Amino acid sequence: MDAVRAADHDRYVSALYAPADRRDALFSLYAFNAEISAIRDRIHEPLPGEVRLQWWRDVIAAEGEATGNPLADALKATFSAHRLPKSALDNMLEARIFDLYDDPMPSRTDLEGYCGETAAALIQFAAMVLDPVEAPRFAELAGRAGCAQAMTGLLLLLPLHRRRGQCFVPADVLAAAGSSPEEFIKGDGGPGAQRGVAAMIALAREHLAAFEQGASALPASLRAAFLPLALSRAYLDRMESHSPLDGVVRLSALHRHWLLLRRASKGWPPL
(Lines give C-alpha, C1' and ligand atoms only; values in the text may rest on other atoms or scores of the structure.)
Protein backbone atom coordinates (compact mmCIF):
# COMPACT_ATOMS: atom_id res chain seq x y z
CA MET A 1 0.00 0.00 0.00
CA ASP A 2 2.76 2.45 0.89
CA ALA A 3 4.62 1.65 -2.32
CA VAL A 4 1.55 2.36 -4.44
CA ARG A 5 0.71 5.52 -2.51
CA ALA A 6 4.21 6.86 -3.23
CA ALA A 7 4.56 5.71 -6.85
CA ASP A 8 1.04 5.72 -8.28
CA HIS A 9 -1.26 7.85 -6.16
CA ASP A 10 -4.22 7.73 -8.55
CA ARG A 11 -4.36 3.94 -8.49
CA TYR A 12 -3.79 4.03 -4.75
CA VAL A 13 -6.91 6.17 -4.28
CA SER A 14 -8.92 4.04 -6.69
CA ALA A 15 -8.06 0.89 -4.71
CA LEU A 16 -9.48 2.47 -1.57
CA TYR A 17 -12.92 2.31 -3.20
CA ALA A 18 -12.63 -1.48 -3.56
CA PRO A 19 -13.97 -3.86 -0.90
CA ALA A 20 -11.55 -4.09 2.02
CA ASP A 21 -10.90 -7.79 1.49
CA ARG A 22 -9.72 -7.14 -2.10
CA ARG A 23 -7.43 -4.17 -1.50
CA ASP A 24 -4.27 -6.06 -0.61
CA ALA A 25 -4.47 -7.98 -3.88
CA LEU A 26 -4.99 -4.77 -5.85
CA PHE A 27 -2.09 -3.10 -4.07
CA SER A 28 0.18 -6.03 -4.96
CA LEU A 29 -0.77 -5.68 -8.64
CA TYR A 30 -0.34 -1.91 -8.67
CA ALA A 31 2.94 -2.02 -6.75
CA PHE A 32 4.27 -4.59 -9.21
CA ASN A 33 3.21 -2.39 -12.12
CA ALA A 34 4.96 0.60 -10.55
CA GLU A 35 8.08 -1.51 -9.99
CA ILE A 36 8.44 -2.71 -13.58
CA SER A 37 7.44 0.69 -14.99
CA ALA A 38 10.33 2.31 -13.12
CA ILE A 39 13.09 -0.12 -14.13
CA ARG A 40 14.30 2.27 -16.85
CA ASP A 41 14.81 4.95 -14.18
CA ARG A 42 17.22 2.74 -12.25
CA ILE A 43 19.48 1.42 -15.00
CA HIS A 44 22.15 2.84 -17.27
CA GLU A 45 22.11 0.04 -19.85
CA PRO A 46 19.20 -2.08 -21.13
CA LEU A 47 20.68 -5.47 -20.26
CA PRO A 48 20.34 -5.14 -16.45
CA GLY A 49 16.73 -4.11 -17.04
CA GLU A 50 16.09 -7.23 -19.10
CA VAL A 51 17.67 -9.30 -16.33
CA ARG A 52 15.31 -7.72 -13.81
CA LEU A 53 12.27 -8.43 -15.99
CA GLN A 54 13.43 -12.03 -16.40
CA TRP A 55 13.75 -12.33 -12.61
CA TRP A 56 10.09 -11.41 -12.26
CA ARG A 57 9.18 -13.92 -14.96
CA ASP A 58 11.04 -16.68 -13.14
CA VAL A 59 9.57 -15.73 -9.75
CA ILE A 60 6.00 -15.95 -10.96
CA ALA A 61 6.63 -19.18 -12.87
CA ALA A 62 8.02 -20.90 -9.74
CA GLU A 63 5.18 -22.60 -7.89
CA GLY A 64 4.86 -22.14 -4.15
CA GLU A 65 8.38 -20.91 -3.46
CA ALA A 66 8.82 -17.96 -1.09
CA THR A 67 11.33 -15.44 -2.41
CA GLY A 68 11.94 -13.26 0.66
CA ASN A 69 10.93 -10.27 -1.45
CA PRO A 70 7.70 -8.91 0.10
CA LEU A 71 6.28 -7.60 -3.17
CA ALA A 72 7.10 -10.76 -5.10
CA ASP A 73 5.56 -12.97 -2.42
CA ALA A 74 2.44 -10.80 -2.26
CA LEU A 75 2.10 -10.91 -6.04
CA LYS A 76 2.51 -14.69 -6.12
CA ALA A 77 -0.18 -15.00 -3.43
CA THR A 78 -2.52 -12.78 -5.47
CA PHE A 79 -2.02 -14.81 -8.64
CA SER A 80 -2.60 -18.05 -6.75
CA ALA A 81 -5.63 -16.93 -4.74
CA HIS A 82 -7.41 -15.33 -7.68
CA ARG A 83 -6.25 -17.71 -10.41
CA LEU A 84 -4.87 -14.95 -12.59
CA PRO A 85 -3.35 -16.01 -15.93
CA LYS A 86 0.42 -16.11 -15.75
CA SER A 87 0.63 -15.96 -19.54
CA ALA A 88 -0.80 -12.43 -19.47
CA LEU A 89 1.82 -11.41 -16.91
CA ASP A 90 4.52 -12.90 -19.11
CA ASN A 91 3.22 -10.82 -22.02
CA MET A 92 3.25 -7.73 -19.82
CA LEU A 93 6.90 -8.29 -18.92
CA GLU A 94 7.79 -8.93 -22.55
CA ALA A 95 6.11 -5.67 -23.58
CA ARG A 96 8.06 -3.76 -20.94
CA ILE A 97 11.34 -4.64 -22.67
CA PHE A 98 10.44 -1.89 -25.14
CA ASP A 99 10.75 0.67 -22.31
CA LEU A 100 14.42 -0.16 -21.84
CA TYR A 101 15.51 0.90 -25.33
CA ASP A 102 15.26 4.05 -27.43
CA ASP A 103 13.69 2.39 -30.46
CA PRO A 104 10.73 4.45 -31.75
CA MET A 105 7.22 3.01 -31.58
CA PRO A 106 6.73 1.77 -35.16
CA SER A 107 2.99 2.11 -35.69
CA ARG A 108 -0.42 2.72 -34.17
CA THR A 109 -1.00 -1.04 -34.20
CA ASP A 110 2.19 -1.61 -32.22
CA LEU A 111 1.21 1.09 -29.74
CA GLU A 112 -2.24 -0.43 -29.21
CA GLY A 113 -0.62 -3.84 -28.70
CA TYR A 114 1.77 -2.37 -26.12
CA CYS A 115 -1.13 -0.69 -24.28
CA GLY A 116 -3.13 -3.90 -24.37
CA GLU A 117 -0.38 -5.98 -22.84
CA THR A 118 0.42 -3.42 -20.12
CA ALA A 119 -2.36 -1.11 -18.92
CA ALA A 120 -5.28 -3.15 -20.27
CA ALA A 121 -3.91 -6.35 -18.76
CA LEU A 122 -3.54 -4.62 -15.39
CA ILE A 123 -7.18 -3.49 -15.52
CA GLN A 124 -8.29 -7.00 -16.38
CA PHE A 125 -6.23 -8.48 -13.52
CA ALA A 126 -7.88 -6.01 -11.13
CA ALA A 127 -11.32 -6.89 -12.50
CA MET A 128 -10.66 -10.60 -11.96
CA VAL A 129 -9.66 -9.91 -8.37
CA LEU A 130 -12.82 -7.90 -7.76
CA ASP A 131 -15.35 -10.15 -9.50
CA PRO A 132 -14.06 -13.22 -11.37
CA VAL A 133 -17.56 -14.07 -12.62
CA GLU A 134 -18.28 -10.72 -14.26
CA ALA A 135 -14.72 -9.78 -15.33
CA PRO A 136 -14.55 -11.94 -18.51
CA ARG A 137 -17.61 -10.17 -19.93
CA PHE A 138 -15.72 -6.88 -19.92
CA ALA A 139 -12.35 -7.99 -21.33
CA GLU A 140 -12.90 -6.03 -24.56
CA LEU A 141 -13.88 -2.95 -22.58
CA ALA A 142 -10.70 -3.37 -20.52
CA GLY A 143 -8.77 -3.28 -23.79
CA ARG A 144 -10.31 0.05 -24.74
CA ALA A 145 -9.81 1.41 -21.23
CA GLY A 146 -6.19 0.31 -21.16
CA CYS A 147 -5.44 2.00 -24.48
CA ALA A 148 -7.05 5.24 -23.36
CA GLN A 149 -5.32 5.21 -20.00
CA ALA A 150 -1.89 4.21 -21.31
CA MET A 151 -1.91 6.70 -24.17
CA THR A 152 -2.91 9.47 -21.79
CA GLY A 153 -0.12 8.39 -19.46
CA LEU A 154 2.44 8.36 -22.26
CA LEU A 155 1.43 11.90 -23.20
CA LEU A 156 1.86 12.96 -19.57
CA LEU A 157 5.34 11.42 -19.57
CA LEU A 158 6.25 12.91 -22.93
CA PRO A 159 8.68 15.52 -21.51
CA LEU A 160 10.60 12.78 -19.67
CA HIS A 161 10.65 10.48 -22.68
CA ARG A 162 11.92 13.24 -24.98
CA ARG A 163 14.78 14.01 -22.57
CA ARG A 164 15.72 10.33 -22.69
CA GLY A 165 15.48 10.15 -26.47
CA GLN A 166 12.41 7.91 -26.39
CA CYS A 167 9.46 8.32 -28.74
CA PHE A 168 6.17 6.55 -27.97
CA VAL A 169 4.21 8.54 -30.56
CA PRO A 170 4.02 6.03 -33.44
CA ALA A 171 6.27 6.65 -36.43
CA ASP A 172 3.38 6.28 -38.87
CA VAL A 173 1.38 8.89 -36.94
CA LEU A 174 4.35 11.27 -37.00
CA ALA A 175 4.90 10.66 -40.72
CA ALA A 176 1.29 11.60 -41.42
CA ALA A 177 1.85 14.73 -39.31
CA GLY A 178 4.94 15.68 -41.32
CA SER A 179 7.48 14.71 -38.69
CA SER A 180 9.63 11.75 -37.65
CA PRO A 181 10.77 10.19 -34.36
CA GLU A 182 14.20 11.79 -34.76
CA GLU A 183 12.73 15.25 -35.32
CA PHE A 184 10.15 14.76 -32.57
CA ILE A 185 12.66 14.26 -29.78
CA LYS A 186 14.92 17.18 -30.77
CA GLY A 187 14.30 20.78 -29.77
CA ASP A 188 10.70 21.91 -29.98
CA GLY A 189 9.99 19.34 -32.68
CA GLY A 190 8.46 21.93 -34.98
CA PRO A 191 4.87 22.10 -36.27
CA GLY A 192 4.95 18.41 -37.17
CA ALA A 193 5.51 17.51 -33.52
CA GLN A 194 2.49 19.55 -32.47
CA ARG A 195 0.37 17.81 -35.09
CA GLY A 196 1.73 14.45 -33.90
CA VAL A 197 0.75 15.20 -30.31
CA ALA A 198 -2.69 16.32 -31.46
CA ALA A 199 -3.08 13.03 -33.34
CA MET A 200 -2.01 11.09 -30.24
CA ILE A 201 -4.56 12.98 -28.13
CA ALA A 202 -7.23 12.19 -30.73
CA LEU A 203 -6.29 8.50 -30.65
CA ALA A 204 -6.53 8.43 -26.85
CA ARG A 205 -9.92 10.16 -27.07
CA GLU A 206 -11.10 7.59 -29.61
CA HIS A 207 -10.40 4.73 -27.21
CA LEU A 208 -11.80 6.68 -24.26
CA ALA A 209 -15.05 7.35 -26.14
CA ALA A 210 -15.35 3.65 -26.99
CA PHE A 211 -14.81 2.78 -23.34
CA GLU A 212 -17.32 5.33 -22.10
CA GLN A 213 -19.91 4.08 -24.57
CA GLY A 214 -19.88 0.64 -22.96
CA ALA A 215 -18.97 1.64 -19.41
CA SER A 216 -22.55 2.21 -18.25
CA ALA A 217 -22.94 -1.59 -18.30
CA LEU A 218 -20.13 -2.08 -15.78
CA PRO A 219 -21.42 -3.67 -12.57
CA ALA A 220 -20.59 -1.87 -9.34
CA SER A 221 -18.39 -4.82 -8.38
CA LEU A 222 -15.90 -3.95 -11.16
CA ARG A 223 -15.98 -0.19 -10.88
CA ALA A 224 -12.77 0.17 -8.85
CA ALA A 225 -10.74 -1.64 -11.54
CA PHE A 226 -11.72 0.98 -14.12
CA LEU A 227 -11.80 3.95 -11.78
CA PRO A 228 -8.50 5.56 -12.87
CA LEU A 229 -10.19 6.20 -16.25
CA ALA A 230 -12.17 8.90 -14.46
CA LEU A 231 -9.11 11.13 -14.84
CA SER A 232 -8.30 10.52 -18.50
CA ARG A 233 -10.76 12.96 -20.07
CA ALA A 234 -9.72 15.72 -17.68
CA TYR A 235 -6.05 15.18 -18.53
CA LEU A 236 -6.76 15.15 -22.26
CA ASP A 237 -8.85 18.31 -21.96
CA ARG A 238 -5.98 20.02 -20.15
CA MET A 239 -3.58 19.01 -22.92
CA GLU A 240 -5.67 20.88 -25.48
CA SER A 241 -4.57 24.15 -23.87
CA HIS A 242 -1.27 23.05 -22.28
CA SER A 243 0.67 20.92 -24.74
CA PRO A 244 2.86 18.21 -23.18
CA LEU A 245 5.55 19.43 -25.57
CA ASP A 246 5.76 22.54 -23.40
CA GLY A 247 6.10 20.74 -20.07
CA VAL A 248 4.40 18.41 -17.64
CA VAL A 249 0.59 18.61 -17.64
CA ARG A 250 -0.94 18.41 -14.16
CA LEU A 251 -4.28 18.27 -12.39
CA SER A 252 -4.52 19.34 -8.78
CA ALA A 253 -4.83 16.61 -6.15
CA LEU A 254 -8.21 18.00 -5.12
CA HIS A 255 -9.53 17.87 -8.68
CA ARG A 256 -8.31 14.29 -9.14
CA HIS A 257 -9.85 13.14 -5.87
CA TRP A 258 -13.16 14.78 -6.77
CA LEU A 259 -13.26 13.04 -10.19
CA LEU A 260 -12.50 9.67 -8.61
CA LEU A 261 -15.11 10.14 -5.90
CA ARG A 262 -17.75 11.17 -8.42
CA ARG A 263 -17.17 8.15 -10.63
CA ALA A 264 -16.88 5.78 -7.67
CA SER A 265 -20.30 6.85 -6.44
CA LYS A 266 -22.13 7.31 -9.75
CA GLY A 267 -20.34 5.13 -12.30
CA TRP A 268 -20.17 6.10 -15.98
CA PRO A 269 -23.71 7.01 -17.05
CA PRO A 270 -23.78 10.61 -18.35
CA LEU A 271 -23.46 13.03 -15.44
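See the structure above.
In this text the structure is predicted, and so the values were computed from the model without any measurement.

Undergrad: Looking at this structure, how should I read the pattern of salt bridges?
TA: Side chains bearing opposite charge may pair, as long as their charged atoms lie close to each other. Counted under the stated rule, the structure contains 17 salt bridges. Among the salt bridges present, the one from R11 reaches D8, with a minimum N-O distance of 2.7 Å. Look at D8 and you get buried, because its relative accessible area is 14%. Between R233 and E212 there is a salt bridge, with its nearest N and O atoms 2.6 Å apart. With a gap of 21 residues between them, R233 in helix α14 (residues 232-241) and E212 in helix α12 (residues 190-215) connect regions that are remote in the sequence. Residue classification places R233 among the partly exposed positions, given a relative accessible area of 31%. Assessed through its relative accessible area of 23%, E212 is described here as partly exposed. When salt bridges that share partners are traced, they join E35, R42 and R52 into one network.

Undergrad: Mind showing me how you'd approach unusual backbone geometry here?
TA: Backbone geometry follows two general trends: most residues other than glycine have a negative phi, and most peptide bonds adopt the trans configuration. The phi dihedral of R83 is positive, around 55°, even though this residue is not glycine. Note on placement: R83 falls in the loop between α5 (70-82) and α6 (86-96).

Undergrad: Is there a simple way to explain the environment of R263 in this structure?
TA: Structurally, R263 is set in helix α15 (residues 253-266). In this structure R263 comes out as buried when scored by relative accessible area, which is 14%. When the C-alpha positions of R263 and A175 are compared, they lie 37 Å apart, and in sequence the two are 88 residues distant.

Cut-offs applied
Residues numbered from 1 in each chain as written. Predicted model: local features only at pLDDT ≥ 70, side-chain atom pairs only at ≥ 80, totals over all residues. Heavy atoms only, no water. Salt bridge = Lys/Arg side-chain N within 4 Å of Asp/Glu carboxyl O. Buried < 20%, exposed > 50% of the residue type's maximum accessible area, 1.4 Å probe, protein only. Helix = DSSP H or I, 4+ residues; strand = E, 2+ residues; numbered from the N terminus.

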